[in-house]
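Fold and geometry: a report
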Amino acid sequence: MSQEIKFRKLEVKDVDASFHLQEVVSANLDDDKKLFILPKTKKQMEGYIQKEGMAFGCFIGDTLVSHIYFAFLDEDGSVSTQIDWLDKNPGFLEARRNTAMPKAAETHPLWRGHGFMSQLLDYAFAEIQKYGRDELITDIAFFNEDSISVFMKKNFRMVAVDHPEDDIELGIFYRDMNYKKVTKVVTDHLEIINMFDYDGVSEAIENGYYPTFMTKNKEYKLMSSATISEKRGTSAKKLKSLSVA
């Protein structure tokens, strides 16, 4: 790979390339997995870049190979979370002005497996923290194992599940970036559950256990809210009192 790899904030001039990347990613998916992606229009992409948040890209030379969009929530609610579960649990976020929502993390099919998305996420997280965005929350299709694996490796944990009317099952994932230096947690003794067991995962969360690690066997290791609070900062204590839709 002789061309330079670079990471930067996307600008309006990049929208055509970003839209094309979205089209290529979608076309490469199996029909059932197309349900996992809500395509954005060019106007929506411009909105994220200019008004509602930021977007970042990984480039090889001049070619965009990965992108990630973020919505920056505001206190008056004019920037929608687009997550029904958050509307039902408005007290979960301590301050909307501290929160960003990652959306549309996509990599060109020909460039997967090189770690570009992982590096792009690290770059993007550092950049949005400069704007005071320390809390991250997003929803991912419950059966989208590829995206869930990427986000869990970045210290996201599933804090709730939701099944909105006329929509697919969702996992709600959260990360507090103030605790990015995570104390190593011994996971050998943790209870495990099949990641595709929606009812079982839902019940575990209701009982105060959160999927925090994914194994190679497509299982989650469950950590209690008390352990998360001890190992990952006091703000995690709020996870103890969640309601699950």
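See the structure printed just above.
Residues numbered from 1 in each chain as written. Predicted model: local features only at pLDDT ≥ 70, side-chain atom pairs only at ≥ 80, totals over all residues. Heavy atoms only, no water.

1. Digging into helix H1 (residues 15–28)
Note the cut-off: Counting from the N terminus, the helices are DSSP H or I runs at least four residues long and the strands are E runs at least two residues long. To estimate how far a helix should extend, the number of its residues minus one is multiplied by 1.5 Å. Residue contacts are counted whenever heavy atoms from the two residues lie within 4.5 Å of one another.
Helix length check: H1, at 14 residues, gives a terminal C-alpha distance of 20 Å against a target of 20 Å (1.5 Å per residue), a fit within 8%. Buried-residue contacts for H1 involve helix H2 (42–52), strand E3 (63–72) and strand E4 (99–107).

2. Here's the deal with the sheet that holds strand E10 (residues 219–224)
Quick note on the threshold: Strands were regarded as paired on the criterion that DSSP finds at least two bridges between them. Comment: axis = line fitted to C-alpha atoms, over the contacting stretch for helices; angle = value between 0 and 180 degrees taken between N-to-C directions.
With antiparallel pairing, 3 strands are arranged side by side in an open sheet as E8-E10-E9. Edge strands, defined here as strands with exactly one partner in the open sheet, are strand E8 (191–194) and strand E9 (209–214). Within the sheet, the average angular offset between the axes of one strand and its neighbour, ignoring direction, is 45°. Judged from the 5 bridges that link them, E9 and E10 form a sheet pairing that is antiparallel. The residue bridging Pro 211 from the neighbouring strand is Leu 222, located in E10. Where helix H6 (residues 198–206) meets the sheet, its contacts fall on E8, E9 and E10, and the angle it forms with E9 comes to roughly 125°.

3. Concerning the side chain of Thr 215
Cut-off, in case you're wondering: Polar contact is defined as a pair of N or O atoms within 3.5 Å, subject to the rule that within protein one atom must be able to donate a hydrogen and the other to accept it, and that residues adjacent in sequence are counted only when both atoms are side-chain atoms.
Relative to the helices and strands, Thr 215 resides in the loop between E9 and E10. For Thr 215, the side chain forms a polar contact with the main-chain nitrogen of Asn 217, separated by 3.2 Å.

4. What about the packing of H1 against H2?
For the record, the criterion: Any angle that falls under 35 degrees is termed roughly parallel, while one over 145 is termed roughly antiparallel, one within 65 to 115 roughly perpendicular, and all others oblique. With the far helix as reference, a near helix turned anticlockwise by less than a right angle produces a left-handed crossing, and one turned clockwise produces a right-handed crossing. Each residue is assigned to one class: nonpolar for Ala, Val, Leu, Ile, Met, Phe, Trp, Tyr, Cys and Pro, charged for Asp, Glu, Lys and Arg, and polar for all the others, Gly among them.
One way to put it is that H1 packs onto H2 with a least axis distance of 10 Å and a crossing angle of 125°. Relative to H2, H1 is oriented oblique. Pair H1 / H2 crosses with right-handed handedness. For the pair H1 and H2, the contacting residues are Val 15, Asp 16, Ser 18, Phe 19 and Gln 22 in the first and Lys 42, Met 45, Glu 46 and Ile 49 in the second. Residue composition of the contact of H1 with H2, by class: 4 nonpolar, 2 polar and 3 charged.

5. Thoughts on the pattern of salt bridges
The condition is simple: Salt bridge, as applied in this entry: a Lys or Arg side-chain nitrogen positioned within 4 Å of an Asp or Glu carboxyl oxygen. Throughout, exposure labels follow a simple rule: accessible area from a 1.4 Å probe, protein chains only, divided by the maximum for the residue type, with under 20% read as buried, over 50% as exposed, and the rest as partly exposed.
Evaluation of the coordinates by the stated rule reveals 10 salt bridges. In this structure, Lys 13 engages Glu 11 in a salt bridge whose closest nitrogen and oxygen atoms are separated by 3.9 Å. For Lys 13, a relative accessible area of 63% puts it in the exposed group. One salt bridge connects Glu 127 with Lys 130, and the closest N-O pair in it is separated by 2.9 Å.

6. Focus: a negative patch on the surface
Selection rule: Only residues whose relative accessible area exceeds 30% and that form no salt bridge enter a patch; like-charged residues are grouped when within 9 Å of one another, and nonpolar side chains (Val, Leu, Ile, Met, Phe, Trp, Tyr) when within 5 Å. What sets the accessible areas is the Shrake-Rupley method with a 1.4 Å probe; for residues, cover comes only from the shown protein chains. Here the positive residues are Lys and Arg and the negative ones are Asp and Glu; neither His nor the chain ends is included. Lys charges are placed at NZ, Arg charges at CZ, Asp charges at CG and Glu charges at CD.
A cluster of acidic side chains, namely Asp 84, Asp 87, Glu 165, Asp 166 and Asp 167, defines a negative patch on the protein surface. Locating Glu 165 in the fold gives a position in the loop between strand E6 (157–162) and strand E7 (170–176).

7. Observations concerning unusual backbone geometry
Here the phi dihedral of Gln 82 falls at roughly 60°; this positive angle occurs in a residue that is not glycine. Within the secondary structure layout, Gln 82 lies in the loop between E3 and helix H3 (84–88).

8. A short note on the sheet that holds E7
Read across the sheet, 7 strands follow the order E1-E2-E3-E4-E5-E7-E6 without closing on themselves; strand pairing throughout is mixed. Strand pairing shows two members of the sheet lacking a second neighbour, strand E1 (5–9) and E6, which therefore form its edges. Across the sheet, the mean angle from the axis of one strand to that of its neighbour is 25°, orientation sign disregarded. With 8 bridges joining them, strand E2 (residues 53–60) and E3 adopt antiparallel strand pairing. The partner of Gly 53 across the bridge, within E3, is Ala 71. Packed onto the sheet, H1 meets E3 and E4 and runs at close to 100° relative to E3. The sheet strands contacting helix H5 (residues 145–152) are E4, strand E5 (135–141), E6 and E7, and the helix crosses E5 at an angle near 160°.

9. Details of the nonpolar core
Convention followed: Here, nonpolar core refers to any group of buried Ala, Val, Leu, Ile, Met, Phe, Trp, Tyr and Cys residues whose side-chain atoms link them within 4.5 Å.
Core analysis: the biggest nonpolar cluster contains 32 residues, and Phe 56, Phe 70, Ile 128, Leu 136, Met 158, Val 201 and Tyr 220 have the highest contact counts within it. Elements supplying a minimum of two residues to this core: E2, E3, helix H4 (116–129), E5, H5, E6, H6 and E10. In terms of residues, this core owes the most to one element, H4, which gives 6 residues. Residue contacts for Phe 70: discarding those within four places in its chain leaves Tyr 48, Glu 52, Gly 53, Met 54, Phe 56, Ala 100, Met 101, Pro 102, Ala 124, Phe 125, Ile 128 and Leu 136. Within the second largest apolar cluster, 25 residues are counted, among which are Val 15, Tyr 48, Phe 59 and Leu 93.

10. A look at the pairing of E6
With respect to burial, E6 is a largely interior element, 6 of its 6 residues being buried. Direction of pairing for E6 relative to E7: antiparallel, over a ladder of 5 bridges. Counted as the bridge partner of Arg 157 is Tyr 174 from E7.

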